[in-house]
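# Architecture and fold: a report
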Amino acid sequence: MATVIELPVELFKGPVDPDWCPGCGDFGVLKGVQMAAAKCGIKPENLLVVSGIGCSSNLPGFIHAYGIHSLHGRSVPVATGAHLANTDLKVVITGGDGDGYGIGVGHLLHAMRRNLDVTYVVMDNQIYGLTTGQTSPTTTLGHKTKSTPQGNIEMPLNPLALALTAGATYVARGFSGEQKHLAEIIAGAIEHKGFSLVDVFSPCVTYNKVNTYPWFKERVYKLEDEGWDPSDFHKSMEKAFEWGDKIPLGVLYKTDMPTYEDGELAFKKGPLVKQSLEADKKVFDSFIEELI
Amino acid sequence: MQEVTIGIAGAAGDGLDKSGDTLARSCGRLGLHVYAYNSYQSIIRGGHIWLKVRVGENKVLSHGDNLNVLVALNQDSIERHAGEVQEGGVVIFNSDRIKCEPSQVREGVKILGLPMSKVTEEVVKTHGPLQAIMQNTVAVGAVCYLANIGLDEPTSVLTDTFSHKGEKVIDLNVGLLKAGFEFAKANCQPLTKEWKFSHKKRPFITGNEAIALGAYAAGCKFYSAYPMTPASTILHWMASHAAKTGICVKQCEDELSVVNMAIGAGIAGVRTMCATAGGGFALMTEAVGMAGIMEVPVVVVEVQRGGPSTGLPTKTEQADLFQVYGASQGEFPRLIVAPKSIADAYDTTVEVFNLADKYQLPVLLMSDLLLSEHPETVDPEVFNCEVKIDRGEVVSEWKEDQGKFKRFKFTPSGISPRALPGTPNCNYVSATDDHDEESILISDMFTSPGTRRMIMEKRNRKIENLLKELPAPELEGPADADVTLVCWGSTWGVVKEAVELLNAKGIKTNMLNIKYIAPFHAKEVAEILAKAKKKISVEVNYTSQMARHIKAETGISMDAHVNKYDGEPIEPLFVVAHVERILAGKPLSLECTEEEAKDIGYHYLRTHALEKLRPSKLTKESANGYGEQVWNIEFSERATGKPGARMLVGVSTGSTHSFEKLAAE
């Protein structure tokens, strides 16, 4: 393996400053992605950051890299297409819980079972922020939001358990209040060959008055501090449901499985974007011959 | 011109497509021209399949109005189609298990029952008992004699078809073919004179295959799809040829994923295509606007089928024009194009990849079930893969001292040179929010009405330049015609034949086919139509969408419309009859015809487990208390001819007012 030459984090500073609310958890995630890219030595031209729509999905505009700021819920297929077209690009998908676990969850499931070699960082604030505070797929039971004034009556979705079930091969959780730890998790996700889901507690300081920085700080602990072995699927599944007084952070599960790219014949000649466009005349003519 | 039309009817799973293929390929190899249409239902086994194969010495542009030979693979097919065979024609069937009575055919039609066990006796002695499906080959042999195409080419086609199964299977099939041929020879005369075989071999190809081949020739590297009739056969072609083409073929979880993946691949710099039917396209519409605002080259094929909603999954229609035209919110440049034939579908597919790249926009290529699924023989020269590939303005190198790369630079042409992700010093964001030249959003913090006006105009300037590059539509047929027929898409072929028939009848007619829907040649079309005398649109839809589109673009209305929306394609005589009616000043009758009443009767029998009956007599009667005239349909038992039931169907509404079984039954 080629030696990784770390790059300065400042290299990834974007053209404009983020327009998130002061104190938003997403600042920490942006920094985490920048630190991870620097640590992994990915040149800005080879980093493609793809998002959907939402506060957190504005992230590609704030990082020095190529970016796609796509449609609400569609970051995963857009990123998949871009990645399959040019497998030399490192693709990091970023977005929120509404984008990834709500409107886009169908795509997420399939991307995970395909084990595409991409990284998905979800800034999970358990609320819809950009639309001013409605319930999200990860909003806890009973939480009063603009759309659930009597309290949320739906069970929140468990992203880590979902990822395990669907076949993601790197499943982790970070907290934007633990930036260095988060950067390491994201760097691990980028380096991992296969689909990586990093769910990040990224508090919304404006619309979520329940799951706040202090709320998380009281509860989170790091799996590695307890000598966690991320190779056991069933134990990881059990751990994914730990919630309440103690909430685990870190790499919950990691395994090596063949990726989608490994099985795709079209990549045998290298990235699609670098292949010749001209049809092979002999092959083409043989297709016509088939029809005679 | 000499021609012959063969119909093969049976249930799904009867293998009649293979029989049709053998016939068509044989004719294609001899240098004859073939056009086939398969009318089928959304069912895997059973149901009713109706394949028409029209063979001509010259190019044939539709499956036509004729039927000279019927091959009926089950009793139901006799019921449905025996009466359609024209004088001098032949009805072929396995007389061991199917019956055809003289009352079921027109005068002068030969009933040729094949006593299958007897005809195949010798073959069975050598090869053992036959599978039911093999009797089709016997029928094909009989057709080869009747169509006067000899045994040589059909034998070579069968040899090729079964080459992977070995000598024994080839011998068996050729033996069956010969048995059928000899039986017909002993009992009939050929239906045609000697053909002038040119022996120019032409591929027998569908519209979807032509689109797929066009994409390969154009350098398409990524194809995504979700299965949906009638677009699925593009996916099948792409998947089964991927190992040789090197195209990355991706079946996705839904059409949202399909189009978003295709656009993602387009951003990353490969030529990319996806295809779907109207329902799938409805899911794709939001992303079409994304490709518009991000200025991404992508080709989306929309194959129309009968709508609305799930509609008629396996039937043809041209009713998605407004859906495609109106796809996605906001205003953005896109090309909407509808090829008129299979050859045109190939050329158009190649062309639109260049236009998508050059103008950095989504291309919506409209086909329909008829164009996409029907096969015809096409001159092999059409399929030339040595095509011009123009990727448009792509920046491959950008030095730091050149300043900031502006992905959406405001240029006089509206085209901003693009750099592909991976190019150093060009980093930018492709955003669905509107943005400035540098791709910085003008939607949230940095709103700027001035910038918004400039980028809107930049993007939309591309349309004017694109329009200049597209060939304007032209009149086909005599310039000083009394009637001008206006059409689009697959209807071109049938209208072209109708124009010939009308001119032969002394009704001077020409036609205008619209290929480019957006941008639209408003000036040129207005000039042509302003001079036209009687303007009649011909469309396979209810609301004459192209006529409305033309009116919106030019202010010119049609004088009359011809529409068909029963799921089956338009045929030339349908157009001729309506043009004559319109010229005679007669209003369109929407009454349920005798033929339709009979069809409704058959439908009732099939859906109520009454297939022992058949409609035997239809009489139009007065209101009878139903508030409208009624068709009195008398049913008799198929086996005995005894009266079995009576049904009353409204002449105005088509409603089934009553169905009563007769006591005798």
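Please read these numbers as outputs of a predicted model, since none were measured by experiment. (Residues numbered from 1 in each chain as written. Chains lettered and ligands numbered in written order. Predicted model: local features only at pLDDT ≥ 70, side-chain atom pairs only at ≥ 80, totals over all residues.)

This part is about the overall build of chain B. Helix and strand counts for chain B stand at 20 helices and 27 strands. Its C-alpha radius of gyration of 28 Å places chain B within 12% of the 26 Å reference for a compact globule of 665 residues. On the principal axes, the C-alpha backbone points of chain B span a range of 90 × 65 × 50 Å. Per-residue burial for chain B yields a buried fraction of 51% across its 665 residues. Here the analysis covers contacts within chain B between residues at least 6 apart in sequence; of these, 69% occur between residues at least 24 apart. (Helix = DSSP H or I, 4+ residues; strand = E, 2+ residues; numbered from the N terminus. Rg over C-alpha atoms; globule rule 2.2 N^0.38 Å. Buried ≥ 20, exposed ≤ 12 C-beta atoms within 10 Å, placed from the backbone. Contact = placed C-beta atoms within 7 Å.)

Our focus in this paragraph is the overall build of chain A. Assigned secondary structure in chain A consists of 10 helices and eight strands. Since a compact globule built from 292 residues should have a radius of gyration of about 19 Å, the 20 Å found for chain A is in line with a globular shape. Principal axes of the C-alpha set define a box for chain A whose edges measure 70 × 45 × 40 Å. A total of 292 residues make up chain A; the buried ones form 52% of that total. At a minimum sequence separation of 6, the contacts of chain A that also span at least 24 residues come to 71%.

On to the packing of helix α1 (residues 16–30) of chain B against helix α6 (residues 152–161) of chain B, then. All names here are of chain B. Across the interface, α1 lies against α6 with an axial gap of 9 Å and an inter-helix angle of 120°. Judged by the angle between their axes, α1 and α6 are oblique. For the element pair α1 and α6, the recorded crossing hand is right-handed. Residues T22, R25, S26, R29 and L30 of α1 touch α6, and the partners they reach there are E153, P154, V157, L158 and T161. For the contact of α1 with α6, a count of residues per class yields four nonpolar, three polar and three charged. (Axes fitted to C-alpha atoms, helices over the stretch in contact; angles between N-to-C directions. Parallel < 35°, antiparallel > 145°, perpendicular 65-115°, else oblique. Left-handed = near helix turned anticlockwise from the far one by under 90°. Nonpolar A, V, L, I, M, F, W, Y, C, P; charged D, E, K, R; others polar.)

Our next topic: the UniProt feature "domain: Thiamine pyrophosphate enzyme TPP-binding" (unreviewed entry) in chain A. Residues annotated in UniProt with the feature "domain: Thiamine pyrophosphate enzyme TPP-binding" (unreviewed entry) correspond here to residues 54–200 of chain A. In this annotation, residues 54–200 of chain A is assigned 33% helix and 19% strand; the end-to-end C-alpha distance for the span is 15 Å. (UniProt positions renumbered as here; feature names shortened; annotations may be inferred.)

Here we take up the domain arrangement of chain B. Where interface size is given, it is often the accessible area lost as the parts come together that is meant. All names here are of chain B. Domain boundaries assigned for chain B yield domain 1 (3–187), domain 2 (204–382), domain 3 (394–469), domain 4 (475–583) and domain 5 (594–661). Inter-centroid distance (C-alpha atoms) of domain 2 to domain 3 is 26 Å. Where the side of domain 2 that touches domain 3 is concerned, the elements lending two or more residues are α10 (255–268), α11 (278–294) and α13 (342–359). Sorting elements by how many residues they give to the side of domain 2 that touches domain 3 places α11 first, with three residues. (Domains from an automatic or database assignment.)

Turning next to the UniProt feature "domain: Pyruvate/ketoisovalerate oxidoreductase catalytic" (unreviewed entry) in chain B. Mapped onto the present numbering, the UniProt feature "domain: Pyruvate/ketoisovalerate oxidoreductase catalytic" (unreviewed entry) falls at residues 12–182 of chain B. With 42% helix and 19% strand, residues 12–182 of chain B has its two end C-alpha atoms placed 28 Å apart.

Right, let's talk about α10(B) for a bit. All names here are of chain B. Over its 14 residues, α10 extends 20 Å from the first C-alpha to the last, a length consistent with the 20 Å expected when each residue adds 1.5 Å. When you tally the buried positions in α10, you get 14 out of 14 residues, the bulk of the element. Positive phi shows up at G269, right after α10, with a value of about 110°. (Expected span 1.5 Å × (residues − 1).)

The interface of chain B with chain A comprises 60 residues on the first partner and 49 residues on the second. Among the elements that make up the side of chain B that touches chain A, the one with the highest residue count is α10(B) (10 residues). By residue class, the composition of the side of chain B that touches chain A is 35 nonpolar, 13 polar and 12 charged.

This part is about the nonpolar core. Membership of the largest hydrophobic core comes to 260 residues, with the highest contact counts inside it found for A82(A), V91(B), I92(B), A142(B) and V143(B). Apart from residues no more than four positions distant in its own chain, V91(B) is found in contact with L70(B), A72(B), A82(B), V85(B), C100(B), V105(B), V109(B), I111(B) and L112(B). (Core = buried A, V, L, I, M, F, W, Y, C linked by C-beta atoms within 7 Å.)

The α-helix advances 3.6 residues per turn, and as a result positions three or four apart in sequence lie on the same side. All names here are of chain B. An ideal rise of 1.5 Å per residue puts 20 Å on 14 residues; helix α16 (residues 491–504) measures up with 20 Å between its terminal C-alpha atoms. Most of α16 is tucked away: 10 of the 14 residues are buried. By the burial criterion, the buried members of α16 are T491, W492, G493, V494, V495, K496, E497, A498, V499 and L502. Those residues of α16 that are buried are in contact with β18 (475–476), β19 (483–488), β20 (509–514), β22 (534–539) and α19 (572–583).

Once that is clear, we can look at the pairing of strand β2 (residues 33–39) of chain B. Regular strands place their side chains on alternate faces of the sheet. The buried fraction of β2(B) amounts to six of the seven residues, a majority that puts the element mostly inside the structure. Following β2(B), the chain reverses through six residues before pairing antiparallel with strand β3 (residues 46–56) of chain B. (Pairing = 2+ DSSP bridges.)

Two pairing modes exist for strands in a sheet, parallel and antiparallel, and in both the strands are linked by backbone hydrogen bonds. The mixed open sheet is built from nine strands, whose spatial order is β7(A)-β8(A)-β5(A)-β6(A)-β4(A)-β3(A)-β1(A)-β2(A)-β17(B). Two strands close off the open sheet at either side, each with one partner strand: β7 (220–222) of chain A together with β17 (429–431) of chain B. In this sheet, neighbouring strand axes are inclined to one another by 20° on average, regardless of whether the strands run parallel or antiparallel. Direction of pairing for β7(A) relative to strand β8 (residues 247–254) of chain A: parallel, over a ladder of three bridges. Counterpart to V220(A) in the pairing with β8(A) is I247(A).

To continue, consider the pairing of β22(B). Residue and element names in this part refer to chain B. Buried residues dominate β22, accounting for five of its six residues. Two strands pair when backbone bridges link them, and β19 and β22 are joined in this way by four bridges, in the parallel orientation. Residue pairing in the sheet places T484 in a bridge with K535 of β22. With four bridges joining them, β22 and strand β23 (residues 560–563) adopt parallel strand pairing. Bridge pairing links V538 to V562 in β23. Taking the sense of rotation as the criterion, the β-α-β connection linking β22, helix α18 (residues 545–554) and β23 turns out right-handed. (Right-handed = clockwise from strand over helix to strand, strands pointing away.)

Moving on to the environment of A552(B). All names here are of chain B. Relative to the elements of secondary structure, A552 occurs in helix α18. The class for A552 is exposed, based on 11 C-beta atoms found within 10 Å. Taking C-alpha positions, A552 is 42 Å from Y626, a pair spaced 74 residues apart along the chain.

On to the confidence of the model for chain B. With 100% of its residues at a pLDDT of at least 70, chain B reaches an overall mean of 96. Of the two predicted TM-score estimates for the complex, the pTM is 0.97 and the ipTM is 0.98. (pLDDT = per-residue confidence, 0-100.)

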